[in-house]
Amino acid sequence: MSSFSRFTELGRKIVAVGRNYREHAAELGNKMPDKPMLFLKPTSSYLTAGNIKIPKGCSELHHEVELGVVISEKCSAVPEGAAMQHVAGYALALDMTARDFQNEAKAKGHPWTMAKCFDTACPVSAFVPRDRIPDTSGVRLHCSVNGQTRQDGATADMHFSVPFLISYISRYITLEPGDLVLTGTPAGVGPVRAGDVIEATMADQSGGQLTKITFGVEKSSQS
């Protein structure tokens, strides 16, 4: 088995992209950026089993389902045409967001760190080998809460493509083996509460399921 099956242990960072789907930006009242809007999540936010924990003081925790791209080798200033040569595979991810923390930070012009980087803020699936997804613009993303569909989107609707994102990020931030790039979330994000169950799936163009994740939500022991 590839060492990238342990990408959560191997990688050194998670680079995330905000507002990469027009309808998602609109639902939160945000304008689309003219260049990728990046932020980081620490690898300590990974969750592969167990429950998502609502951070202390958070009253509005949102789910955001995303295609994650696992980097295969060190890359810096990679041309867009060569970007996919640096992809090992993929993962289905949830970019859990403390929306009330984020809104407060945005209003004050402060960074979003507390909203995006808390423990369990990045639940992920098992590694999906690169050959399972020959075209990153042909992926379906679905997220439900307690059996009710919340998000049902397609990577074809991304504003910035996966190759462009890898190339753009690598101009400024060297990507390393096992790093994860979160490529943005489609419309339909919404709140979850303690006791809820989030289920997300990633499928190919024909509807064949590539992977699935299920996570419960609970209050932090520090709440």
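The following paragraphs examine the structure supplied in this document. As the structure is a prediction and not an experimental result, all values here were calculated from the model. (Residues numbered from 1 in each chain as written. Predicted model: local features only at pLDDT ≥ 70, side-chain atom pairs only at ≥ 80, totals over all residues. Heavy atoms only, no water.)

### A word on the pairing of strand 11 (residues 140-145)
Pairing geometry for strand 11 and strand 12 (residues 148-154), over 6 bridges, is antiparallel. Residue Val145 lies in a different strand from strand 12, and its bridge partner there is Gln148. The hairpin turn running from strand 11 into strand 12, its antiparallel successor, is 2 residues long, and Asn146 in that turn takes a positive phi close to 55°. Bridge count between strand 11 and strand 15 (residues 197-203): 6 bridges; the pairing is antiparallel. The residue of strand 15 that forms the bridge with Cys143 is Ala200. (Pairing = 2+ DSSP bridges. Helix = DSSP H or I, 4+ residues; strand = E, 2+ residues; numbered from the N terminus.)

### Examining the packing of aromatic side chains
Tallied over the full model, the rule gives 6 aromatic pairs. Here Phe160 and Phe164 contribute two aromatic rings whose centre-to-centre distance is 5.5 Å and whose plane-to-plane angle is 15°, an arrangement assigned as stacked. Feature note: the residues Phe160, Phe164, Tyr168 and Tyr172 constitute an aromatic cluster, connected by ring pairs. (Phe/Tyr/Trp six-rings, centres within 6.5 Å; stacked < 30°, edge-to-face > 60°.)

### Details of the environment of Ser59
For Ser59, the location among the structural elements is in the loop between strand 4 (52-54) and strand 5 (61-63). Of the residues examined, Ser59 reaches a relative accessible area of 66% and is grouped as exposed. Taking the C-alpha atoms as reference, Ser59 lies 6.7 Å from Asp100; in sequence the two are 41 residues apart. (Buried < 20%, exposed > 50% of the residue type's maximum accessible area, 1.4 Å probe, protein only.)

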